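# Residue-level structural notes
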Amino acid sequence: MIELQKQIRDLLTIHDCVIVPEIGGFVVNRISAQHNETTGIFTPPGREIIFNRSISHNDGLLFSHIAKNKSINYKEAQIATAAVIEGWQNSLKNGEVILMSEIGSLKMDREGSIVFNQSDELGIAPDTYGLGTFHFKTIDQVNEIEKPTRQLVQRTVQSKSVRQIAASIALIVGLLTVSPDVNNSKQTASFSDFKLNSEVTVEEPAKLVETTTVLIEEVKPSVEVIKPKAVEKYFLIAGSFKNTSQAETFLSKLNKRNINTASILPVNNGRVRVALEGFSDKLDATNALNAYRKQNGFNSVWIYTAK
């Protein structure tokens, strides 16, 4: 008995597109790590599966994998798998849901179209296993916490010594209260002749304080954020071939249709892919994909995410 679900899951871990003849194609899109500049949350890279009903031809990948895995020849693998596929088709027509562990589920809607729902526990990305989101403070959040601080520095300056002021006042009062003897014609002035008629009480004057306020503002260095240059990593695949000569022939046909943006991508997983265009933004690639599928001969175009 062919465990078709397991064979599909194993192929999706190493291939970007697995076609089940007469059912449809499972296309893997790689999602790059993302950073939300507003919240400061980093999301790890991942994958998502898109089901394309229009890709239902036999490209030989599924049957070859089953033949190698089960140690049987290609023809035997094709016959055994065809029986399982026929059972899937009957189940879908009867309204049943086909559950594929760690991939998703298939069901048929009222219009007779096959609908795919991806599983929440996708098991086709071993290279990102265990990675989770984490939060790192943004520059605005850091600046909100560490606002520039202002420090007040006070300097007290005493204009004159209190003792000096008291001594000066006492001397002035003493000079003003001297009564010289007018009957003595011969007076010799000396400092000892000066007498204080009354006791002078000197009150300590209030302290004169000069306050100087100095504002010291902490200056934060400016931070320049340099964004990396956009790199094309989302490609619209129009054909996938086993050798380069077939890919070059197909590319020549595209050039004759004035599709000058088409190119041959580097060989990956033994497949030579021909891309119509390349994009750095996934949304732009999706919009272009929808536009191409409306044209004759491009209804099976799919998105390939380069590593």
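Another point: the sheet that holds strand β2 (residues 24-31). Strand pairing in a sheet takes place through backbone hydrogen bonds and is either antiparallel or parallel in direction. Read across the sheet, three strands follow the order β1-β2-β5 without closing on themselves; strand pairing throughout is antiparallel. Edge positions in the sheet fall to β1 (17-20) and β5 (46-52), since each of these pairs with one other strand and no more. Averaged over all adjacent pairs, the angle separating strand axes in this sheet is 20°, with direction ignored. The sheet contact formed by β2 and β5 spans seven bridges and is antiparallel.

Of all eight residues in β2, seven are buried, a share of seventy percent or more. When β1 meets β2, the two strands line up antiparallel, connected through four bridges. If you follow Val-18 over to β2, its bridge partner there is Phe-26. Connecting β1 to the antiparallel partner β2 that follows it, the hairpin turn spans three residues, and Glu-22 within it adopts a positive phi of roughly 70°.

Turning to the confidence of the model for the chain, a few remarks are in order. Of all residues in the chain, 70% have pLDDT values of 70 or greater, and the mean over the chain is 78. Of the regions scoring below 50 in pLDDT, residues 182-202 engages in 14 contacts with residues more than four places distant in sequence or in other chains.

Quick notes on the rules
Each chain has its residues counted from 1, following the order in which its sequence is written. Under the rules for a predicted model, residues below a pLDDT of 70 receive no local features and side-chain atom pairs below 80 are neither given nor counted, while totals for whole chains, interfaces and linings still include all residues. The side-chain numbers reported here are obtained from all heavy atoms of the structure, hydrogens and water having been left aside. Being paired, for any two strands, means DSSP has found at least two bridges between them. Under the scheme used here, helices are H or I runs from DSSP no shorter than 4 residues and strands are E runs no shorter than 2 residues, and both carry numbers assigned from the N terminus. Angles shown run from 0 to 180 degrees and are taken between the N-to-C directions of axes, each axis being a line fitted to C-alpha atoms and, for helices, limited to the stretch in contact. Think of it in three bands: with a 1.4 Å probe and only protein chains considered, a residue is buried below 20% of the maximum accessible area for its type, exposed above 50%, and partly exposed in between. The predictor rates its confidence in each residue with pLDDT, a number between 0 and 100. Two residues qualify as a contact provided that any one of their heavy atoms is within 4.5 Å of a heavy atom in the partner residue.

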